[in-house]
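# Reading the structure
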Amino acid sequence: MPTFSRRYPQNMTQMVQEEKMRRIVQTAAVLAFGAVITLSVFAGGSPEKPKSGNEVAQTGTGKIVLATNNAPEGKGAAEALKQYAAMKGIKFEVVEAPYNNLYEKEVLDLSQRSGLYDVIMLDDPWFTQFAESKWLSNLTPYFTAINEGGLSSDFIDKSTAICKYPYATGLIYAFPAVGNAQMFFYRKDLFAQYGFNSAPKTWDDAYSVMKKISDSGTGVYGYVLRGQQGNPVVAQFMPIFWSFGGRMFSSDFSKVTIDTPQALNALNFFIKLRDVSPPGAASFNAQQLATYMLQGQAASTINWPAFVSTFEDPTQSKVVGKIGYGPIPSAATVGSSEIGHWLAAIPADSKNKQQAFDFVHWMTSQETQKKLVEQFGTPPTRKSIFTDPSLLAQPKYSYFPVLMQAIENSTPRPRIANWNQVENTFGIYLSKAVAGDMSSKDALSSAQNDVTSLMKKAGYVK
Amino acid sequence: MTGKILRYVFLILVMIVVVFPIIWLISTSIKNDVDIFAMPPILVPSHPTGKSYVGLVDNGLFAYLLNSSIVAVATCLVSIVIGTLAAYSLARFKLPGTWTSRISFWVLSTRMFPPIVTIIPLFQMLRVMGLVNTRLGLVITYTAFNLPFVVWMMRGFFAEIPRDIEEVAMVEGCTRMGAFLRTSLPLAVPGLAATAIFTLILSWNEFLFALIVTQTTQSATLPILVASRVGQYQILWGQMSAAGVIAMAPVLAFAFAVQRYLVRGMSFGAVKG
Amino acid sequence: MNIKRLATWGDRNLKYLLLAPTIVLLLVLTVYPLFFAIIASFETFNIRTATYSFGGVSNFVNMFTDPFFWNAMKNTGIYTGVAVVVEFGLGLALALVLNERFAGRDVFRSLMLAPMMLPPIVVAVIFKIVFMQNFGISNWLLGLIGIHGMLWESASRTALFSLIIVDIWEWTPFMFLILLAGLQALPSDPYEAAIVDGAGPFQVFRHITFPLLTPSILIALLLRLMDTLRIFDLIFVMTGGGPANATETMSLYVYQTAFRFSNVGSATAMSFVLLIITVAIGNFFVSRLRAEEVFTQ
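Residues numbered from 1 in each chain as written. Chains lettered and ligands numbered in written order. Predicted model: local features only at pLDDT ≥ 70, side-chain atom pairs only at ≥ 80, totals over all residues. Heavy atoms only, no water.

### Points about the packing of helix α4 (residues 61-92) of chain B against helix α7 (residues 135-160) of chain B
The following threshold applies: Axes here mean lines fitted to C-alpha atoms, for a helix over just the part in contact, with angles spanning 0 to 180 degrees between N-to-C directions. Each helix is a run of DSSP H or I of at least 4 residues and each strand a run of E of at least 2, with the numbering of both proceeding from the N terminus. Definitions for this section: a left-handed crossing has its near helix turned counterclockwise from the far helix by less than a right angle. A right-handed crossing has that turn clockwise.
Two elements in contact, α4 of chain B and α7 of chain B, have axes separated by 6 Å at closest approach and are oriented at 40 degrees. Note that α4 of chain B runs across α7 of chain B; the crossing there is right-handed.

Laid out in structure tokens, this is it:
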């Protein structure tokens, strides 16, 4: 900073001016400080007492603001709101954002208690943090007010479970809107060449085919995995981790169980998968995964149902009609995919909760959800729609039985509020192992250490 | 002679590196999705399509264009007016003590603050003022960003313009402000033009704060449109490229048109004694 | 108060009035964030209850033992150092070449300015497409001269340098512009004298051009340094800080800490460190500039 020198004023004028200047600055500083204090009072920098009590809010603002994803899953909700608003004659606004930005926007709104949104679409991994921070409205009283015990039994059990906090047993904080769970995608034609006319049931079977395809010299790789640190690699790894019998934590999260023999088997197998994947897979994310499959250069992968329609789109895919779907193959235990539903919840600070609840209830009802499925191709969360004969008769819903089974056998990501950080850390070591920068054993033990300290900091592990 | 040839070779090589990525973006924006990552790469697609651009229109392209334009122009006007006046004051008048340099440095230091941290308090302030998701909110934010640059630049220009010109005007009966408006300001036009251009471009291109402040097409700007082409699982490369082309076209055209002013305006010795 | 008295008062206090709007706007828009940031940096966050509590200097202490923090500092240092130096060198060379008159000069100048005009997000998109490993044009071109398998921004070893390449592409024009403007403003007398004295081109550059260009050089370096230290948009869109934190600069890490991990206290603490460094660098350049008497007081 420039030096604050005090020169003797040359004459009276300068002295007067110095004094004037000082007074101006002081006044400005006082005003600014006053403004700051006032703003702090209104802006509420620290959270006040949470409002997600057990009353049903009665007053509304006649307007619903929805925050949603800009992919088909999110657009379905936006379209539903448009129809609902027309039906009820209320105003509405849709805030659409790409996946990452949606999370940040929602966190900003919820943590600053600004009440900008009345309904938020959230990806399941975010749910625990939002619920535990008391940012979501408890929906049970609203169900009671319409004489329903809770979420309809038509929703798949696993889908309902993730909407409750604590998991499966607690209060209801969200509706399951889009039924995402991972599936095993494979090239029916190539797998048939090696004797598999249906989806491989075990990882060993699957791997044997992948190896043969990679070795066949046709330029097609047997598998494509994503190894980029963070969510990409963890999402790819978890199904394998679980099917080899691995678990990240004990059931009450008091112990971290990453460094185990089952985990080592899983990680070693994961690296075998990398060897039959295209080079550079260690840093792939979802886009590269898609590109390799769509261009026909990879024969199998684990991915989300949103890809089904892309694979069948001739303007994007070179493998139309050649992709088959199966449940996650098994190893030591039954294969289990990550469940990654999109949920619809109502922020605790929304000013229009009753109407918001009404809307979401309507949006996830049997008739509306079925219409959304038909219009946007997004998977449902209701058993009745998954087994609807009129839908099953159409080839584009041929994967429904597989997906429903996948959801029923799915495992949610660990229900901890700091999952983002844990996933990030776990993902760094997984990525290093896949990149060959660390041995599997070292990666797992380092992950065990770091995740344990994260869990201690968050108060799960003593 | 060899010097001249070397010069042209060097420049042409540089130009290829500079221009090629831009051309590639334009090329991608008119390709079918299947062709975008085809190997070997296709420069000129055999079946060019306007599909990506049409897709953008369906997604509210005109709203984004309107918002970007309004915000950029408004920010430019406000920052230039406020900043130039302040710059003039700093250049011409002696503030008591070391206040001039303190204020100058403070103005510059506001540009040093990492933007991430101002996001949350800014969001709170805008929320309290009801300016989240409004163009006005963006204009206020961007003006705050641009002011340091405007003040810094224009102060340099005014410092180069001799005081005598204004003294003469005041002797002839003008007030200080009058002298400023009639004599110094016109001489500083190249500097004003250069600064204005930078202000426009900064507002047009800004991404992070637009991301935080805007929620819907009511106020969202073009960079948001580009970013919104990222899906959860895959990127809509065609549409993203088209949005990129649309976002860069006015800026590039504008830059070519005013290139001469930019160079001249940036010269600190705009007026030789 | 009649108009005449108002006008006289205005005229006497003109210097303050002219400054007032700027000062007020900047005060309001920077004082609160600064105040907020200072308070926040002393608060620790409990993610399970979403509450803040006073944590003393724990944010700062934890920061210095956080390997991710040092990684981010290292990445920022490398990125800034390499990018600014290369941009300066290239920009100077281009400014010198394009300073003279020759056919087509204006065309070259216009084209040269293009990259820095583009929105950073568009630049990121361009290079994501160009750098796409097996499907991008850059690898295809490299393949023609026998280099294969370059992973650019997707591999931790090459990611940071890939981004630096993009930064150089985007911002060399900025250096070029400022240096060219400076060159254009140079007086001709010293050059004429030098020719009379029989000085060669290198001597002319070293003893005349470079010293006279110092103010422009300082300004160019100052502005680029300040901006590169804070760089965010480009990296955010291209790699998001990955792979394996290879491109996680301070801004990215602060963003992740504040928004993904909801730890605003730690994020603001780190930002202060970055701010102090930037201010120190700024102060260095500003005092040099003042020494050069660029701004007449």
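### A look at the interface of chain C and chain B
A common way to express how large an interface is: the accessible area buried when the components associate. Definition in use: Should any heavy atoms of two residues lie within 4.5 Å, those residues are counted as being in contact. Note on definitions: buried area is the accessible-area loss of two parts on being combined, 1.4 Å probe, summed for both. By salt bridge we mean one thing: a side-chain nitrogen of Lys or Arg within 4 Å of a carboxyl oxygen of Asp or Glu. Identification of polar contacts relies on pairs of N or O atoms within 3.5 Å, with a donor-acceptor requirement for protein atoms, meaning one able to donate a hydrogen and the other able to accept it, and with residues adjacent in sequence counted only if both atoms are side-chain atoms. Under the scheme applied, nonpolar residues are Ala, Val, Leu, Ile, Met, Phe, Trp, Tyr, Cys and Pro; charged residues are Asp, Glu, Lys and Arg; polar residues are all the others, including Gly.
Counting from both sides, the interface comprises 94 residues of chain C and, opposite them, 99 residues of chain B. Interface of chain C and chain B: buried area, both sides summed, is about 8,900 Å²; carbon and sulfur atoms make up 81% of it. Our count for the contact surface shared by chain C and chain B stands at 1 salt bridge. On the surface where chain C and chain B come into contact, there are 7 residue pairs in polar contact (both at pLDDT 80 or more). The leading source of residues in the side of chain C that touches chain B is helix α2 (residues 14-41) of chain C, at 19 residues. Of the residues belonging to the side of chain C that touches chain B, the class tally is 70 nonpolar, 14 polar and 10 charged.

### What about the packing of helix α4 (residues 67-97) of chain C against helix α10 (residues 201-229) of chain C?
Residues and elements named next belong to chain C. Put simply, the test is: Oblique is the label for every angle not falling under 35 degrees (roughly parallel), over 145 degrees (roughly antiparallel), or within 65 to 115 degrees (roughly perpendicular).
Running from N to C, α4 and α10 cross one another at 140 degrees; their axes reach a closest spacing of 10 Å. Regarding the angle of α4 to α10, the classification is oblique. Like other packed secondary-structure pairs, α4 and α10 cross with a definite hand, here right-handed. Residues T76, Y79, T80, V84, E87, F88, L92 and L96 of α4 pack against F205, T209, L213, I217, L221, R224, L225, T228 and L229 of α10.

### Some points on the pairing of strand β1 (residues 63-69) of chain A
Residue and element names in this part refer to chain A. Quick note on the threshold: For each residue, the accessible area found with a 1.4 Å probe, counting protein chains only, is set against the maximum for its type, and the residue is called buried under 20%, exposed over 50%, and partly exposed in between. Should DSSP find at least two bridges between two strands, the strands are taken to pair.
Of all the 7 residues making up β1, 6 are buried; the element is thus mostly covered by neighbouring parts of the structure. In this structure, β1 lies alongside strand β2 (residues 91-97), joined through 7 bridges in parallel fashion. Paired with V65 across the two strands is E93, which belongs to β2.

### Notes on the confidence of the model for chain C
Low pLDDT marks stretches whose predicted atomic positions should not be read closely. Definition in use: pLDDT is defined as a per-residue confidence score from the predictor, taking values between 0 and 100.
Taken residue by residue, chain C gives an average pLDDT of 83. The fraction at 70 or more is 95%. When mean pLDDT is taken per element in chain C, α4 of chain C scores highest with 93 and helix α1 (residues 3-12) of chain C scores lowest with 74.

### Notes on the pattern of salt bridges
All names here are of chain A. Summed over all chains, the structure comprises 18 salt bridges over all chains. Between D349 and R113 there is a salt bridge, with its nearest N and O atoms 3.0 Å apart. In this pair, D349 is assigned in the loop between β10 (342-345) and α13 (353-363) and R113 in the loop between α3 (99-111) and β3 (119-123), connecting sequence segments 236 residues apart. Of the charged contacts, one joins D215 and K211 as a salt bridge, the two residues approaching to 3.0 Å between their closest N and O atoms. Linking D215 with K211, this pair stays in helix α8 (residues 203-215), spanning 4 residues, or about one helical turn.

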